[in-house]
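Structural characterization, general
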Amino acid sequence: MCQCCAEKKDIYLPQLATVADISQMNVTEKYLRLAMDDGQFDFLPGQFVEISVAGIGEAPITISSSPTLGDSFELVVRKIGRVSGAIHNLKRGDKVGIRGPLGKGVYPVEEAKGKNLVFICGGIGMVPQRSFINYVLDNRGDYGDVAILQGTKSYDLRLFTSEIDAWSKRGDVQMLETLDEGDPRWKGNVGVVTKLVAKIETDLKSAMILVCGPPIMYKFVLMALAEHDVPHGNIFLNLERKMKCGVGKCGHCQINHAYVCMSGPVFRYSDLASLPEAI
Amino acid sequence: MTVKKIAKSDFTSFVDALIRTEKTIGVQAKGDRFDFAPLESAKDLRLDYDVTLQPPKKYFLPPSEVLLTFEVGGPYQSQLDGQKFILLGVHPYDMVAINQMDELFQQDNCDVHYVTRRQNATIIACDVAKPSDHVFASSMGTAVVKKGYDILLTDIGDSFVAEAATPKGEQLLAKAKGVKADAQALKKREDVWARNKKSLNKHELKCDPAYLPKLLAKAYKHPVWEEKAKTCFSCGSCNQVCPTCYCFNVQDDVNWDLKTGQRVREWDGCLLDGFTKVAPAHEFRKARADRFRHRLYRKGAYVPQKIGGQIACVGCGRCVGACLPDIANPVSIYNRLIDDLGIG
Amino acid sequence: MAKPKIAIFDFACCEGCQLQIVNLEEEILSLLGGADVVEWREAMSEKSDEYDIAIIEGSITRMEDEERLKVIRGKAKVLIALGACAVIGGINKLKNNFDDLEEVKKCVYGKAAGKPHLHTGPTKAVGEVVQVDFSVPGCPIDGKEFTYIVRSLLMGKTPEIPEYPVCVECKANGNPCLWQYDQVCLGPIIRAGCGARCPSNGFRCFGCRGYVDKPNVDAAKDVINRFGLNIDDLKTKMVLFGSRQEPTIYE
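Residues numbered from 1 in each chain as written. Chains lettered and ligands numbered in written order. Predicted model: local features only at pLDDT ≥ 70, side-chain atom pairs only at ≥ 80, totals over all residues.

Let us look at the interface of chain B and chain A. Many structure descriptions define interface size as the accessible area lost when the parts assemble. With 39 residues of chain B at the interface, the matching set in chain A holds 37 residues. Elements that contribute at least two residues to the side of chain B that touches chain A include exactly β4 (64–71), α3 (112–120), β11 (248–254), β13 (277–279) and α10 (288–306) of chain B. Tallying contributions element by element places β11(B) first for the side of chain B that touches chain A, with 6 residues. The class makeup of the residues in the side of chain B that touches chain A is 22 nonpolar, 12 polar and 5 charged. (Contact = placed C-beta atoms within 7 Å. Helix = DSSP H or I, 4+ residues; strand = E, 2+ residues; numbered from the N terminus. Nonpolar A, V, L, I, M, F, W, Y, C, P; charged D, E, K, R; others polar.)

In structure tokens:
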């Protein structure tokens, strides 16, 4: 008998967490900060959790905060389905179930040390990237140049605006932001995020590139990076799928032979050659 | 371990004794077909069956099961099925499938719901007495099986040869009236194995199954996927009857108090529309042909990567019989690829 | 929080789906624990003009019914179509296959055909007249599915109705395919959720729950050819519930 069965350890059993903070970020996104009731929660940037609202169901959400935040962790949830809809109705002090942290494919926290980093984010792709961004900024001396590219569909959908403002004001981060659609309230770049690639000041060939955005974005970002001959081993893509069970069993997140919940959600681009369903 | 020869009349008494002591599930007639169902009497047991409508996986991974119960705001509770049972009459190809599922459910993250049921089971396997219309276990190397069961039965005419393979099986077999199997009985058993290694082959795979991952490595863009999927209903029948399909969905249901409820796991299928849908606008394996291809790749390439190269199609032939448009037969697809792409 | 008010209304139908609700017996009491039923002609005498959830049984065949339905829609926060007649038009849509409805009426009602309450037009599903928020398919509805849907709504969650065909539940029940027993079963193209009740009891699927979102018409044609049938053989099996329903394999 294996150990887990001797202890009746159940991979599907959520542990309770309490909503420590919750607020509306824009029309579709809700921010929440959670604290595990048993206090234990260690994770790496890129990992996700399965969050349960009792009676409604469970959904995979990538952690948005850096492990350096301390005892609690943050999620950002777009209202698209049953569970995310119920999350939007939570109040401070409510209980949710958490399984995780899950995912073995995480951001290259160690490998990236001493290297220059470029974060390319499309829309809510900023949410998971922010975990590693803040980790890097909290350990700023360990990493080289940092460039952050953020493309958002429209002005009202911008996320983390005060954090982005703070990053732009730091002398040690190149913050580039663009909107797909122009807006009278917006004085910055207009156009898709790939247009910003040419403006990156750091040497792309030697940098680690970290990408997260809507599925359609990856193809165009990779085309733009190919123009700069970025080695595929230096590109990391955050691929999210329907990670229903989160523990490599249910089959919903499988792309070819890989289970995103096990091998991902962060993949090295050079490892995706055998996964045509990835991009 | 003990190998007994049990006269058929004594075997009947043995089975009736099992039924009296423990929940016993055995193969029985269902209309003009066969299926596993709880046994009430040994006379209902049909070890001369060709194939069951459903594989025995439902006793380890039920079509629907409660994983957890909960109360809004309170902790979740695991629900484990503690009932012990005997599963009687598992064919070798199905035993191979169970062995594969054992590995898959225990590796990386062990699934305590599956494993608990599996540990509660005593499996009495039995060699195939009559080939079914679509079996191709001989091609898949699953016509005989050497592990996983507690007892293996082989029909040698007027009696069964019964071999215990585990202490649990040994204990059970001790209750059966019989004699130590003599050389003649063992020879007859060898003959059955030799026969089945050849005769369970209504569809013949043109390559060693071990070659399938290599074959599929060059077949991703082959036209066969589009051609076959053109008449695929996406009904998931092939998934539902497969002994090695184990994808599932999980949903919450609440009781009328709207406070307590249960989290339920149900079979799912990679062929079904919406299987990979994360949001109305994002469905990843949306095309029928891509889903159709995925099943054949799972059996022949993806799952084998997880279980040391074992091919996850065991040749039971159930999907062949269950597919209304007759496009599911793995052998005809793999053979077509061999014809077009060659071996090597 | 105040209990949501539920009202149940019937239009052109046999009221068999309401009967399924009545038959829930003890579960109705549980339902009443979570909601107030304020109007339900089949089970109570009270009437009310105030309700949150309107449950509509039956299809729409008269102008005055269209108007009545629109008024109900205007008052209800949530509108549920109950049963095949409401969801897809059901058996009532059979008459839409005929060009001359007057002749149909004479054939069915004889001398009484001229009575004013029989002044009806082509049948419409509820969704063809007003916006439907949720559907409970089936002829009759499945009581378990109905209670699941109601509980989900009371919880504030969108109920999940299968997108897949009846074959999924039929195979999970351990049935052989009825096509192998010479029955023209509609299971492969009809939405599941009934637990494959008919095929599990030896009867072909009649299609009462309506088509899946993407029925494979090519596959259906291929199968009838392979079984030596023609398109009319299939049409006669589909006509009961599949008349003038989109998508359709009628051409």
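This part covers the sheet that holds β4(B). All names here are of chain B. Strand order across the open sheet formed by 4 strands is β5-β4-β12-β11, with antiparallel pairing between neighbours. Because the sheet does not close on itself, it has two edges, and the strands there are β5 (77–78) and β11. Relative to β5, β4 is paired through 2 bridges, and the arrangement is antiparallel. Looking at the pairing, threonine 69 lines up with glutamine 77 of β5. (Pairing = 2+ DSSP bridges.)

Right, let's get into the domain arrangement of chain B. All names here are of chain B. Along its sequence, chain B is organised into domain 1 (3–199) and domain 2 (209–341). Each of domain 1 and domain 2 was reduced to a C-alpha centroid, and the two centroids are 25 Å apart. Counting residues at the interface gives 34 residues for domain 1, matched by 29 residues for domain 2. Elements that contribute at least two residues to the side of domain 1 that touches domain 2 include exactly β4, α2 (92–106) and α4 (137–140). Of the residues contributing to the side of domain 1 that touches domain 2, the split by class is 18 nonpolar, 10 polar and 6 charged. (Domains from an automatic or database assignment.)

To continue, consider the pairing of strand β9 (residues 174–179) of chain A. Residue and element names in this part refer to chain A. The sheet contact formed by strand β8 (residues 146–152) and β9 spans 6 bridges and is parallel. When the bridges of β9 are listed, isoleucine 148 appears paired with methionine 175. Crossover β8 to β9 through helix α4 (residues 161–169) is right-handed. Of the strand pairs in this sheet, β9 and strand β10 (residues 189–190) are connected by 2 bridges, and their pairing is parallel. Bridge pairing in β10 links leucine 179 to valine 190. (Right-handed = clockwise from strand over helix to strand, strands pointing away.)

Bringing the interface of chain B and chain C into the picture now. Chain B puts 28 residues into the contact, and the matching count from chain C is 29 residues. For the side of chain B that touches chain C, the secondary structure elements donating two or more residues are β3 (33–38), α9 (237–240) and β11 of chain B. With 3 residues, β11(B) is the largest single contributor of residues to the side of chain B that touches chain C. Counted by class, the side of chain B that touches chain C contains 14 nonpolar, 9 polar and 5 charged residues.

With that settled, the discussion passes to the domain arrangement of chain A. All names here are of chain A. As far as domains go, chain A holds domain 1 (3–102) and domain 2 (117–274). The C-alpha centroid of domain 2 is placed 22 Å from the C-alpha centroid of domain 1. Counting residues at the interface gives 22 residues for domain 1, matched by 20 residues for domain 2. Of all the elements in the fold, those that place two or more residues in the side of domain 1 that touches domain 2 are β3 (48–53), β4 (57–62), β5 (73–78) and β6 (95–102).

Counting 216 residues, the largest nonpolar core has Ile209(A), Val211(A), Ile124(B) and Ala125(B) as its most contacted members. It is α2(B) that contributes the most residues to this core, 7 residues altogether. Counting 43 residues, the second-largest nonpolar core is a separate cluster that includes Ile21(C), Val87(C), Cys139(C) and Phe241(C). (Core = buried A, V, L, I, M, F, W, Y, C linked by C-beta atoms within 7 Å. Buried ≥ 20, exposed ≤ 12 C-beta atoms within 10 Å, placed from the backbone.)

Another point: helix α6 (residues 143–155) of chain C. Given 3.6 residues per turn, any residue in an α-helix points the same way as the ones three and four places further on. In a regular helix each residue adds 1.5 Å, so 13 residues correspond to 18 Å; α6(C) covers 18 Å between its end C-alpha atoms and thus fits that length. For α6(C), the set of buried residues is Glu145(C), Phe146(C), Ile149(C), Val150(C), Arg151(C), Ser152(C), Leu153(C) and Met155(C). For α6(C), the elements touching its buried residues are β11 of chain B together with α1 (16–22), α2 (26–34), β3 (53–57), β4 (78–82) and β5 (134–136) of chain C. Positioned one or two residues after α6(C), Gly156(C) has a phi angle of 80°, which is positive. (Expected span 1.5 Å × (residues − 1).)

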